[in-house]
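# Structure at a glance
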Amino acid sequence: MYFSKSFIPILKNNPTEAKIKSHQLMLRTGMIKQSSAGIYSWLPMGFKVMKKIEQIVREEQNRVGVQEILMPTIQSSEIWKESGRYDDYGEEMLRIKDRQNREMLYGPTNEELITEIFRSSVKSYKSLPQLLYHIQWKFRDELRPRFGIMRCREFYMKDAYSFDISDDEAFYSYNKFFLAYLNTFKRMNLSAIPMAADTGPIGGNLSHEFIILADTGESKIYTDKRIFDVDSSKTTIDKNSLNKLRGDFEKYYSVTDEKFKKDDFEKNVLKENRLQTKGIEVGHIFYFGDKYSKPMNASVDYNGKKEFVKMGSYGIGVSRLVGAIIEAKYDDKNEVMKWPTSVSPYDCAIIPNINKNDKTNLERAVNISKTLIKNNFEVLIDDTEENLSSKIKKFNLLGIPYQIIIGKSFSEQKIEFKEIHKDTIFISIEEIIKILKNKK
């Protein structure tokens, strides 16, 4: 892809309406464009990042046995009235009527709809557990949308739901998602810590938020610093291993502000291990038993007896993660951004110094790009006639993690190669390919 042909409308300065770094950077680098308050169009750079995040989320859901479906954005109000949430949800729910005067709504979440799907399809406990997820747009009519995609009205979300016959089996399902979330965020080079949290309008009595540390976060967190040392890498999805994992995290005090109690914090955490800071919620899981299955009559036959299924729900803000990664990875000191390689819009930028009357360096860039493309790397060539320092500054802003620079002293044997935040090195194309493959 040539930069001149790509749709990356970069702004010279940070937009004045943007107050946090992710909002500033996403507008300035042409990742998004505001359509109306709290609603954005996703332009190619932003969309590429979001789709890569989506794919990681999908792969980790599939890995623990969750099946993908797709539910509509528009739902009937009737199922929400069954659950009792239609009037309780509040003004964040966008309520509409179709031409037949039927009450409809733009789904803010999907507990009711998935329960209706389940109850009409599954009749016996022998079909349990059922773990289902979808990735779809949601709408919540925020009173004061702000911070760009971090608190907007329309957002892209993965929500999953579990159906089990007993509390014990439901906790097993809950723990599968617990592990899947840790692995998901680890693949994005994020340290997301599970913290006991309030269940809010979803309901239930067991809930964890997955929080990444960030000064711009809206969540206040209180934790024992030793929780950052818990290792999940050897955890398998058998019941005992998952129980141990959750237990390893839960032995350290770690809560969001809704559940914070000063006396408990000071009693359970030594002074030198206490951490009070801010963070960004990137995922939230809930267990709520029969809160929805009972009023909506979602039951199975269990040895001749009617048994209401036990349910949980599990959310990840896919679009929100784009902003959260920026907040976590932006280098304020050097004013550069570096995307984790797993979600970067391109694997490598090729930056040739181009003379108006001499296209030799551009030809060299094209030849190098062909070699990289053969090795399954996505490449962006800057074919503009800007000076080299301006190009490098531009790509530091865009955050593509690796740069190949082609200047006056170009050598096919020793190519100028640079990782953002690090010094330039001179290596062969084979060594560049090796580095890129190892970082994938």
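Residues numbered from 1 in each chain as written. Predicted model: local features only at pLDDT ≥ 70, side-chain atom pairs only at ≥ 80, totals over all residues. Heavy atoms only, no water.

### What to know about the overall build of the protein chain
What the protein chain contains, in helices and strands, is 11 helices and 21 strands. Relative to the globule expectation of 22 Å for 440 residues, the C-alpha radius of gyration of the protein chain, 24 Å, shows essentially globular dimensions. When its C-alpha atoms are laid out on the principal axes, the protein chain stretches across 80 × 60 × 40 Å. Relative to its full complement of 440 residues, the protein chain shows a buried share of 54%. In the protein chain, 71% of the contacts between residues at least 6 apart in sequence involve partners at least 24 apart. Of the roughly 20,900 Å² of accessible surface on the protein chain, a fraction of 46% belongs to carbon and sulfur atoms. (Helix = DSSP H or I, 4+ residues; strand = E, 2+ residues; numbered from the N terminus. Rg over C-alpha atoms; globule rule 2.2 N^0.38 Å. Buried < 20%, exposed > 50% of the residue type's maximum accessible area, 1.4 Å probe, protein only. Contact = heavy atoms within 4.5 Å. Areas by Shrake-Rupley, 256 points an atom, 1.4 Å probe, with all protein chains shown as cover.)

### Observations concerning helix α1 (residues 21–28)
Of all eight residues making up α1, six are buried, and the element is well covered by its neighbours. Within α1, burial applies to Ser-22, His-23, Gln-24, Leu-25, Met-26 and Leu-27. In this structure, the buried side of α1 is in contact with β1 (32–36), β2 (39–42), α8 (318–329) and α10 (388–398). Remark: Gly-30 follows α1 within two positions and exhibits a positive phi of approximately 70°.

### Notes on the sheet that holds strand β5 (residues 94–97)
Pairing in this open sheet of three strands is antiparallel, and the strands run β4-β6-β5 from one edge to the other. Sheet topology places β4 (74–76) and β5 at the edges, where each strand pairs with a single neighbour. In this sheet, neighbouring strand axes are inclined to one another by 40° on average, regardless of whether the strands run parallel or antiparallel. Both β5 and strand β6 (residues 103–106) contribute to a ladder of four bridges, which runs antiparallel. In the sheet register, Ile-96 faces β6, and the bridge partner there is Met-104. (Pairing = 2+ DSSP bridges. Axes fitted to C-alpha atoms, helices over the stretch in contact; angles between N-to-C directions.)

### With respect to the pattern of salt bridges
Evaluation of the coordinates by the stated rule reveals 30 salt bridges. For the salt bridge of Arg-187 with Glu-59, the shortest nitrogen-to-oxygen distance reads 2.7 Å. Separated by 128 residues along the polypeptide, Arg-187 in helix α5 (residues 167–187) and Glu-59 in helix α2 (residues 44–63) bring together distant segments of the chain. Note on Arg-187: relative accessible area 32%, which makes it partly exposed. Each of the salt bridges in this network shares a partner with another, and the network as a whole consists of Lys-51, Glu-54, Arg-58 and Glu-68. (Salt bridge = Lys/Arg side-chain N within 4 Å of Asp/Glu carboxyl O.)

### With respect to the sheet that holds strand β20 (residues 415–419)
Taken in spatial order, the five strands make up an open sheet running β18-β17-β19-β20-β21, and their pairing is mixed. Bordering the open sheet on either side are β18 (379–381) and β21 (425–427), each of which pairs with just one other strand. In this sheet, adjacent strand axes meet at a mean angle of 30° when their direction is disregarded. In this structure, strand β17 (residues 348–352) lies alongside β18, joined through three bridges in parallel fashion. Bridged to Cys-348 within β18 is Val-379. Docked against the sheet, helix α9 (residues 360–374) engages β17, β18, β19 (402–406) and β20, running at close to 160° with respect to β17.

### Digging into α8
The first and last C-alpha atoms of α8 sit 17 Å apart over 12 residues, in line with the 16 Å expected at 1.5 Å per residue. Of all 12 residues in α8, nine are buried, a share of seventy percent or more. All of the buried residues along α8 are Val-318, Ser-319, Leu-321, Val-322, Gly-323, Ala-324, Ile-325, Ile-326 and Glu-327. (Expected span 1.5 Å × (residues − 1).)

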